[in-house]
Amino acid sequence: MKRIIVALMIIVTGMTALNAQQAKSKFKPEGKWQFEAPAAPEGYTFGTMDVTFAENKYAVAMGLPGGGDYKLPAEQVKFENNELSCKLYIEGEEISISLKPEGSDKMVGKATYSGGDIPLTCNRDKEKK
């Protein structure tokens with residue numbers, strides 16, 4: 001009897017962990033995002049980020065104020081372990097971005113460059129989802 005109870009507890013615990021993991025993996029970063037980085041240098045404190053998924057890979061393009069329709073394409077874009085990461089090059093400077101979801105319409109993380117880490121917040125653009 002004890003073995004049955006222990007076996008059932010293991011199964012229930014395993015299923016709970018699996019369901020929690022599946023819930024986390026349901027986040028989809030694709031879409032249009034508005035980003036804020038208040039601690040960034042002037043001109044880089046806000047903008048847009050477009051995340052697309054095609055041919056089994058992600059792509060990111062960043063738009064900055066005053067850039068018109070021009071978007072900076074990101075390199076080495078990955079979405080693994082519920083984290084979106086990529087690299088951008090602005091004015092010869094490499095910027096590494098890493099973001100994790102907080103709910104379905106928000107991502108938080110940082111942009112790292114030679115000057116240090118800058119907190120970064122992205123909110124899904126609901127009008128252009």
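Here, every reference points to the structure presented above.
Reading the values: the criteria
- Residues numbered from 1 in each chain as written.
- Predicted model: local features only at pLDDT ≥ 70, side-chain atom pairs only at ≥ 80, totals over all residues.
- Heavy atoms only, no water.
- 1 Å grid on protein atoms, 1.4 Å probe; cavity = no way out; pocket = protein on both sides within 12 Å on 5 of 7 lines; lining within 4 Å.
- Points joined across faces, edges and corners; volume = space filled by probe spheres on them.
- Helix = DSSP H or I, 4+ residues; strand = E, 2+ residues; numbered from the N terminus.
- Nonpolar A, V, L, I, M, F, W, Y, C, P; charged D, E, K, R; others polar.
- Salt bridge = Lys/Arg side-chain N within 4 Å of Asp/Glu carboxyl O.
- Buried < 20%, exposed > 50% of the residue type's maximum accessible area, 1.4 Å probe, protein only.

1. Remarks on the layout of surface pockets
A water-sized probe rolled over the atoms picks out the places where empty space is left. Approximately 340 Å³ is the volume found for the largest pocket. Looking at the lining of the largest pocket, the elements with two or more residues in it are strand 6 (83–90), strand 7 (93–101), strand 8 (106–113) and strand 9 (116–124). Each residue belonging to the lining of the largest pocket can be placed in one class, and the counts come to 16 nonpolar, one polar and two charged.

2. Description of the pattern of salt bridges
For the structure on display, the rule yields seven salt bridges. Close ionic contact of Asp-50 with Lys-71 constitutes a salt bridge, the shortest N to O distance being 3.6 Å. With a gap of 21 residues between them, Asp-50 in strand 2 (residues 46–54) and Lys-71 in the loop between strand 3 (57–63) and strand 4 (72–73) connect regions that are remote in the sequence. In this structure Lys-71 comes out as partly exposed when scored by relative accessible area, which is 29%. For the salt bridge of Asp-105 with Lys-126, the shortest nitrogen-to-oxygen distance reads 2.5 Å. Of this pair, Asp-105 sits in the loop between strand 7 and strand 8 while Lys-126 sits in the segment after strand 9; the two residues are 21 residues apart in sequence, bridging distant segments of the chain.

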